[in-house]
Amino acid sequence: MSGSVRVAGCVLACWLGTACGPLSQTHHNPGNSHEVATAAPSGRPDAVITIARGQVSPPPGWLEVAKGRQVSITVTSDVADELHVHGYDIEAELRPGVPATVRFTAGLTGVFEVETHRSKLVLTQLAVR
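Rules behind the numbers
- Residues numbered from 1 in each chain as written.
- Predicted model: local features only at pLDDT ≥ 70, side-chain atom pairs only at ≥ 80, totals over all residues.
- Heavy atoms only, no water.
- Helix = DSSP H or I, 4+ residues; strand = E, 2+ residues; numbered from the N terminus.
- Buried < 20%, exposed > 50% of the residue type's maximum accessible area, 1.4 Å probe, protein only.
- Contact = heavy atoms within 4.5 Å.
- Areas by Shrake-Rupley, 256 points an atom, 1.4 Å probe, with all protein chains shown as cover.
- pLDDT = per-residue confidence, 0-100.
- Pairing = 2+ DSSP bridges.
- Axes fitted to C-alpha atoms, helices over the stretch in contact; angles between N-to-C directions.

Engineer: Explanation requested: the overall build of the protein chain in the structure shown.
Structural biologist: For the protein chain, the helix and strand inventory stands at one helix and nine strands. When the helices and strands of the protein chain are listed from N to C terminus, the series reads α-β-β-β-β-β-β-β-β-β. Out of the 129 residues belonging to the protein chain, those deemed buried represent 36%. In the protein chain, the proportion of contacts linking residues at least 24 apart, taken out of those at least 6 apart, comes to 56%. Carbon and sulfur atoms provide 59% of the accessible area of the protein chain, an area that totals close to 7,400 Å².

Engineer: Mind showing me how you'd approach the confidence of the model for the protein chain here?
Structural biologist: Parts of the prediction with low pLDDT should not have their coordinates interpreted in detail. For the protein chain, per-residue confidence averages 75 on the pLDDT scale, and 65% of positions sit at 70 or higher. Within the model, pLDDT remains below 50 along residues 3–43, and this stretch shows 47 contacts once partners closer than five positions in the same chain are excluded.

Engineer: Help me out: how do you make sense of the environment of Q125 in this one?
Structural biologist: Locating Q125 in the fold gives a position in strand β9 (residues 122–128). C-alpha of Q125 to C-alpha of E115: the two residues are ten residues apart in sequence and 8.6 Å apart in space.

Engineer: Any chance you could explain the pairing of strand β4 (residues 70–77) here in plain terms?
Structural biologist: For a regular strand, side chains alternate in direction, first toward one face of the sheet and then toward the other. Summarising burial for β4: six of the eight residues are buried, a large majority. When strand β1 (residues 46–52) meets β4, the two strands line up parallel, connected through six bridges. Note that in β4 the partner of T50 across the bridge is T76. Where β4 and strand β7 (residues 100–105) come together, six bridges link them in antiparallel fashion. Note that in β7 the partner of S72 across the bridge is R103.

Engineer: For this particular structure, what's the right way to read unusual backbone geometry?
Structural biologist: The phi torsion of most residues other than glycine is negative, and most of the peptide bonds are trans. Going from S57 to P58, the amide bond is cis rather than trans, its omega being -5 degrees. The residue P58 is located in the loop between β2 (55–57) and β3 (62–65) in this model. Positioned with a positive phi, D89 is a non-glycine residue whose angle comes to about 50 degrees. Secondary-structure assignment places D89 in the loop between β5 (81–85) and β6 (90–94). Classification of D89 by relative accessible area gives exposed; the value is 60%. Even without glycine at this site, K120 takes up a positive phi of about 55 degrees. Among the secondary structure elements, K120 is positioned in the loop between β8 (110–116) and β9.

Engineer: Even after reading the chapter, I still don't get the sheet that holds β5, so can you show me in this structure?
Structural biologist: In space, the five strands of this open sheet follow the order β3-β9-β8-β5-β6, with mixed pairing throughout. Each edge of the open sheet carries a strand with a single partner, namely β3 and β6. Between one strand axis and the next, the sheet turns through 15 degrees on average, direction left out of account.

The following block contains the structure:
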């Protein structure tokens, strides 16, 4: 194997290792659909999300929060499911048509997915800085 091929292989291995580094560890947890946020950061420490017919509204985006701030996420689903905030291991039962709210202090920095377990929908990504 030539030196340039070996170097390219090492570079690729390092890149793959960093691509799955600490900021993206939440995607290794079971039940993750690996979808990513597409909307712009909200800049607010709270979110109100609705799930209807398998669609998330507003579309999954970023919820940016300063470390130490209170976060409130309210989800209303048309089917029974379970809400989960990865990294914080906060869960809430979702009953059809009944809003469920989780409130917590953003004490951990990083990027954390908020998703449903049964339907495997990414609701938002929480970025704590």
